[in-house]
Amino acid sequence: MLERARTLSSRPWLRDLAALALLTGLALAACGFLLRDDLFIYGDHPGQFMRLWHPVRISHKLLGWNPLWYAGYPELQFYPPGFVLLGWGLDWLTWGRLSPFALYQLLLFVAYLLPGVTVYALVSRVSRQRWAGLVAGGLALIFPELWGGASAVFVGLVAERLAFGLVPLILFAGWQALHTRHPIRWWLLTSLALAATALMHPFHAVAPILFLGLAALFYPRRWRLLRNLALTSILSLALVAFWLLPLLVHRSYAAPMLRANLDQTLDWLLSPNALRYLTASLLVVLALWMQRNRSFAVFVIAAVLTAVSLVAFILFDHLVLIERLNFYLLDPVRFSAEVYLVLVLLAGFGLAYLPLWLSRRRWRVAGGLLGALALILALAWLGRPFLNLVREHQDPSRFLGKARQSFPLDETWRVLQSEQGRVLFTSHYLYLGDLPTALKSATPYFTGRPIIGGTFSHWSPVARVLWQGSPDVDLLPGQVELTDDVSLAGRSWAEWTDADFFELCRRLNVTTVVTTWDDVNARTFLDSASHFQSFYSDDLFVLYRVLDPAPALVEAEGAEVALLDKAPTALDLHVAEATAGASLQVKITDYPLWQVQAGQQTLAHYADALGLMSLSLPPGTYDVTLRYLPGPAERAGAWISLGAAGLWLAVWIYSLSAGLPTEQNVARSHDRTRG
């Protein structure tokens, strides 16, 4: 035993390995049920699975065109693609042998575990107490709230949780850079962590930059540190330019979306769970008293100031930017996660030092035992909501396999697979008993057919049409399911006529309309409409066929058009006898990266009232080709990212000649400024 203790003392990495094994064991005990070859279907998970499956297993392009939802859209250009990159990496590490479901479930578990590991690393470094890191890492695993917490894993906010887990890595690398005499490699690692966080969810990259900037102000070399932080931030932006630059150029195609109003945001910030962690975070004064270290005090003060600044900005965003200036791009509630992270960090510091503080009293043994008991009780108090959350989601009915046994899903998919054209869902969420799920969004996976509707909130122009009646709306609702069986395309069901709804289906190339058991208004309308005929029903679904004339993917006025060949990013057409003023309607989302050629002539295209592609045809007979190709912003962004990656690597190699910063460097740091 003595020899083993000496080994642990002389090899600190063994203690880190033991702590990480303990955190992983805790994660397995709590959420190991996610690791199975089955799909967790609660909430948004089926849609997030589709976002992973299509680029990784079908298109093999991260930012390519996805034809499966809403008449096509470059899905991951307008949704942070970092979690797909991580899924791609996991697929590569497992030699592509995992099924799509197993790969997605592995990604979920990684998303759950990541904050525990990164918070452990950060708190252990700042406090120089691995015990404190272990307590804080455990709190990061059991924090139950939606924004960044465990609930994010269960409802499908996978990228949100991964970004929450990467923020401590930014703080860790940046904190090392602030306290090292040769910081260049730590700044490089900070830029890499910042870039990864931006790809997971760019809103989460704001708080760590703010924290490091506030911390730098407490040191004599503040202007040099702030300059280095600015250069680091610029480098991280350059690393993600391949995604960010096209997003900025094409931003008009993605209307902003607000997930919560002011009252809802305040309810989250002041939730009982958040208040529990706020109460526990007050114990950080014990850590401050015992550490008596300027560097540690700076960390705590900067963390508190960061949280206060974020809350102030959230209020400013709601009350001024949104309500007075109608500026919606910064969704305020998305900045809540780092407020929670500060509470987790401070609570971890305080609770870890509670037994140590009590054991330093006059009665050391009794105080230590009392402190250990207090810590256990505090962790049980903080962990109770999480345990209730886990018990709720461990229900086997939340997996696809159980749902398939309980409901005739396979038969519905078989029937849908036998038809052609797009499927229009009249509602978005499906209730399997009392289970809300976006399972409809996975219809293309099970049937091979593209869909309109049936997903969570989405940025596509055609999605905007389906929810609000226009592709040009300024703001999207955060909970599109509130329109289920109330309205479609901006009209209540009582306002629709048979002819108008048929015209909508024809223009969207919809051949099948699907309602669910609770879509009473939609079913009443369709049952009485002469252009629609019910051909399949069960306890969950009623399927309607759009009667002749059948919709087609392309239509022309003043010309004859035939579809020669079709691929996700290419269409070949033959136009015959086009007259002057002829036009062509292609029922895919109009987007600038589509290039249209008629012989040697490039044809301009534009969006119609549904956001679909229209163009004018020259007279004559000829072939027309449509190709989805990268544009100037895509090429420039790729070159900038490639150059930034080369610069990053060159500076890293150069820094090797200067030597790595040592523990002695870190210990000295700015200790000369201690009080």
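### A short note on the overall build of the chain
Reasoning step 1: A tally of regular secondary structure across the chain gives 26 helices and 20 strands.
Reasoning step 2: Relative to the globule expectation of 26 Å for 675 residues, the C-alpha radius of gyration of the chain, 28 Å, shows essentially globular dimensions.
Reasoning step 3: Here the analysis covers contacts within the chain between residues at least 6 apart in sequence; of these, 73% occur between residues at least 24 apart.

### Details of the packing of helix α5 (residues 100-127) against helix α17 (residues 336-359)
Reasoning step 1: Packing of α5 against α17 leaves a shortest axis separation of 11 Å and a crossing angle of 55°. Taken together, α5 and α17 sit at an angle that is classed as oblique. Taken as a pair, α5 and α17 cross one another with a handedness that is right-handed. Contacts between α5 and α17 pair Val119, Leu122, Val123, Val126 and Ser127 from the former with Leu341, Leu345, Phe349 and Tyr353 from the latter.
Reasoning step 2: Residues belonging to the contact of α5 with α17 are distributed by class as follows: eight nonpolar, one polar and no charged.

### A closer look at the sheet that holds strand β9 (residues 510-516)
Think of a sheet as strands paired side by side through backbone hydrogen bonds, with each pair either parallel or antiparallel.
Reasoning step 1: One open sheet accounts for five strands, arranged β5-β2-β9-β11-β10; its pairing is mixed. This sheet does not close on itself; its edge strands, each paired only once, are β5 (451-452) and β10 (532-537).
Reasoning step 2: Here strand β2 (residues 422-425) runs beside β9; their pairing, made up of four bridges, is parallel. Within the sheet, the bridge partner assigned to Arg422 lies in β9 and is Val510.
Reasoning step 3: Together, β2, β9, β10 and β11 (541-546) form the strand contacts of helix α20 (residues 409-417), whose direction differs from that of β11 by roughly 5°.
Reasoning step 4: The strands touched by helix α23 (residues 498-507) are β2, β9, β10 and β11; relative to β10, the strand with the most contacts, the crossing angle is about 70°.

### Thoughts on the environment of Leu162
Reasoning step 1: Residue position: Leu162 is located in helix α8 (residues 158-178).
Reasoning step 2: Along the chain, Leu162 and Leu356 lie 194 residues apart, while their C-alpha atoms are 32 Å from each other.
Reasoning step 3: If we skip the residues at most four places from it in the chain, Leu162 touches Phe83, Leu86, Leu107, Ala111, Leu114 and Met200.

### Considering the pattern of salt bridges
Reasoning step 1: One pass over the full model with this rule turns up 14 salt bridges.
Reasoning step 2: Here Asp91 and Arg57 are joined by a salt bridge, their closest N and O atoms 2.7 Å apart. With Asp91 in helix α4 (residues 82-93) and Arg57 in helix α3 (residues 45-59), this pair connects stretches of sequence that are 34 residues apart.
Reasoning step 3: A relative accessible area of 10% means that Asp91 is categorised as buried.
Reasoning step 4: The partner of Arg545 in a salt bridge is Glu419, and the shortest N-O contact between them spans 3.0 Å. Highlighted residues: Arg545 in strand β11 and Glu419 in the loop between α20 and β2, separated in sequence by 126 residues.
Reasoning step 5: We classify Glu419 as buried; its relative accessible area is 17%.
Reasoning step 6: Through salt bridges with shared partners, a single ionic network connects Glu503, Arg506, Glu555 and Lys587.

### Overview of the packing of aromatic side chains
Reasoning step 1: Tallied over the entire structure, the rule returns 44 aromatic pairs.
Reasoning step 2: Here Trp65 and Tyr591 contribute two aromatic rings whose centre-to-centre distance is 6.3 Å and whose plane-to-plane angle is 50°, an arrangement assigned as tilted. Placement of the pair is Trp65 in the loop between α3 and α4 and Tyr591 in the loop between β15 (583-589) and β16 (594-598), with a sequence separation of 526 residues. No difference in accessibility class separates Trp65 from Tyr591, as the two residues are buried.
Reasoning step 3: In textbook terms, an aromatic cluster arises when at least three aromatic residues are bridged by ring pairs, as seen for Phe49, Trp53, Phe101, Tyr104, Trp413, Tyr445 and Phe446.
Reasoning step 4: For Arg51, the ring lying beneath its charged end belongs to Tyr79, and the centroid distance is 3.7 Å.

### Some points on the sheet that holds β15
Reasoning step 1: What the four strands build is an open sheet, ordered β12-β15-β19-β18; its pairing is antiparallel. Of all the strands in the sheet, the pair left with one neighbour each is β12 (554-557) and β18 (606-607).
Reasoning step 2: For β15 and strand β19 (residues 612-616), the ladder comprises five bridges, and the chain directions are antiparallel. Pairing of Leu584 across the sheet is with Leu615, part of β19.

### Quick notes on helix α10 (residues 206-216)
Reasoning step 1: Within α10, eight of the eleven residues are buried, which leaves the element mostly enclosed by the surrounding structure.
Reasoning step 2: Residues of α10 that are buried: Ala207, Pro208, Phe211, Leu212, Gly213, Leu214, Ala215 and Ala216.
Reasoning step 3: The secondary structure elements touched by the buried residues of α10 are α8, α9 (184-200), α11 (222-239), α16 (294-322) and α17.

### What to know about the nonpolar core
Reasoning step 1: Grouped together as the largest cluster of nonpolar side chains are 216 residues, with contacts concentrated most on Phe83, Phe501, Val513, Phe532 and Leu617.
Reasoning step 2: Setting aside residues up to four positions removed in sequence, Phe532 forms contacts with Asp498, Phe501, Phe502, Cys505, Val513, Leu526, Tyr544, Arg545, Val546 and Leu547.
Reasoning step 3: Core analysis: the second largest hydrophobic core is formed by seven residues, Phe203, Ala207, Leu269 and Val339 among them.

### Observations regarding helix α2 (residues 12-31)
Reasoning step 1: Spanning 20 residues, α2 covers 28 Å between terminal C-alpha atoms, matching the ideal 28 Å at 1.5 Å per step.
Reasoning step 2: Those residues of α2 that fall on the buried side of the exposure criterion are Ala19, Leu23, Ala27, Ala30 and Cys31. Summarising the axial view, the buried residues of α2 lie within an arc of 85°, below the 170-degree limit, and thus occupy one face. For α2, the exposed residues lying more than 90 degrees away from the buried face are Leu17, Leu22 and Ala29.

### As for the packing of helix α15 (residues 284-291) against α16
Helix-helix packing is characterised by the crossing angle of the two axes and by the distance between the axes.
Reasoning step 1: Close contact between α15 and α16 brings their axes to 9 Å; oriented N to C, the two are set at 160°. One way to sum up the angle between α15 and α16 is to call them roughly antiparallel. Once α15 is placed against α16, the crossing between them reads as left-handed. Seen from α15, the contacting residues are Val284, Ala287, Leu288 and Gln291; seen from α16, they are Phe296, Ala297 and Val300.
Reasoning step 2: When grouped by side-chain class, the residues that make up the contact of α15 with α16 number six nonpolar, one polar and no charged.

### A short note on the environment of Gly350
Reasoning step 1: Take Gly350: it is sitting in helix α17.
Reasoning step 2: Separated by 66 residues in sequence, Gly350 and Val284 place their C-alpha atoms 3.9 Å apart.
Reasoning step 3: Leave out the neighbours within four places in its chain, and Gly350 touches Leu283, Val284 and Leu286.

### Description of the layout of surface pockets
Reasoning step 1: Within this model, the second largest pocket holds a volume of roughly 730 Å³.
Reasoning step 2: Taken together, 30 residues form the lining of the second largest pocket, with Pro67, Pro450, Lys566, Ala567 and Pro568 sitting closest to its centre.
Reasoning step 3: Of all the secondary structure elements, the ones that give two or more residues to the lining of the second largest pocket are α3 and β13 (560-567).
Reasoning step 4: For the lining of the second largest pocket, the residue count by class is 16 nonpolar, nine polar and five charged.

### Observations concerning the pairing of β16
Reasoning step 1: Residues Trp594, Val596 and Ala598 line the buried face of β16, whereas the alternating positions Gln595 and Gln597 sit on a face that is not buried.
Reasoning step 2: Bridge count between β16 and strand β17 (residues 601-603): three bridges; the pairing is antiparallel. Each bridged residue has a counterpart across the sheet, and for Gln597 the counterpart in β17 is Thr602.

### Let's talk about the side chain of Lys587
Reasoning step 1: With respect to the secondary-structure elements, Lys587 resides in strand β15.
Reasoning step 2: At 2.7 Å, the side chain of Lys587 and the backbone oxygen of Arg506 are in polar contact.
Reasoning step 3: At 2.7 Å, the side chain of Lys587 and the backbone oxygen of Ala552 are in polar contact.
Reasoning step 4: Apart from the residues lying within four places of it in its own chain, the contact partners of Lys587 are Ala71, Arg422, Arg506, Arg507, Asn509, Ala552, Leu553, Glu555 and Leu612.

So, how was this worked out
Here, residues in each chain are numbered from 1, in the same order as that chain's written sequence. In view of the model being predicted, local features appear only for residues whose pLDDT reaches at least 70, and side-chain atom pairs are presented and counted only at 80 or more, with totals across whole chains, interfaces and linings using the full set of residues. As a convention, hydrogens and water are excluded, and side-chain values are obtained from all of the structure's heavy atoms. Only DSSP runs of H or I reaching four residues or more are called helices, and only runs of E reaching two or more are called strands; each is numbered from the N terminus. Based on C-alpha atoms, the radius of gyration is set beside the globule rule, defined as 2.2 Å times the residue count to the power 0.38. By the convention used here, residues are in contact when the closest approach between their heavy atoms is within 4.5 Å. Only the stretch in contact is used when a helix axis is fitted, and all axes are lines through C-alpha atoms; the angle between N-to-C directions ranges over 0 to 180 degrees. Roughly parallel covers angles under 35 degrees, roughly antiparallel covers those over 145, roughly perpendicular covers 65 to 115, and oblique covers all other angles. Note: crossing handedness is left-handed where the near helix turns anticlockwise from the far helix by less than a right angle, and right-handed where it turns clockwise. The nonpolar class holds Ala, Val, Leu, Ile, Met, Phe, Trp, Tyr, Cys and Pro. Asp, Glu, Lys and Arg form the charged class, and all remaining residues, Gly among them, are polar. In short, DSSP must find at least two bridges between two strands for them to pair. For this document, the term salt bridge refers to a Lys or Arg side-chain nitrogen within 4 Å of an Asp or Glu carboxyl oxygen. For the exposure calls, accessible area comes from a 1.4 Å probe over protein chains only, and a residue counts as buried if that area is under 20% of its type's maximum, exposed if over 50%, partly exposed in between. Pairing of aromatic rings covers Phe, Tyr and Trp, the last counted by its six-membered ring, and requires centre-to-centre distances within 6.5 Å; plane angles under 30 degrees mean stacked, over 60 mean edge-to-face, and any other angle means tilted. Should the NZ of a Lys or the CZ of an Arg lie within 6 Å of a ring centre and within 35 degrees of the ring normal, that charge is described as sitting over the ring. In this text, buried Ala, Val, Leu, Ile, Met, Phe, Trp, Tyr and Cys residues form a nonpolar core when linked through side-chain atoms within 4.5 Å. Multiply 1.5 Å by the residue count of a helix minus one, and that product is the helix's expected span. Our arc is simply the arc of the directions from the helix axis toward the C-beta atoms. Method remark: on a 1 Å grid restricted to protein atoms, a set of points is classed as a cavity if a 1.4 Å probe fits but cannot get out and as a pocket if it is open with protein on both sides within 12 Å along at least five of seven lines; lining residues have an atom within 4 Å of a point. Grid points are joined across faces, edges and corners, and a volume is the space filled by probe spheres set on the points. Residues adjacent in sequence count toward polar contacts only when both atoms are side-chain atoms; beyond that, a polar contact is any pair of N or O atoms within 3.5 Å, and within protein one must be able to donate a hydrogen and the other to accept it.

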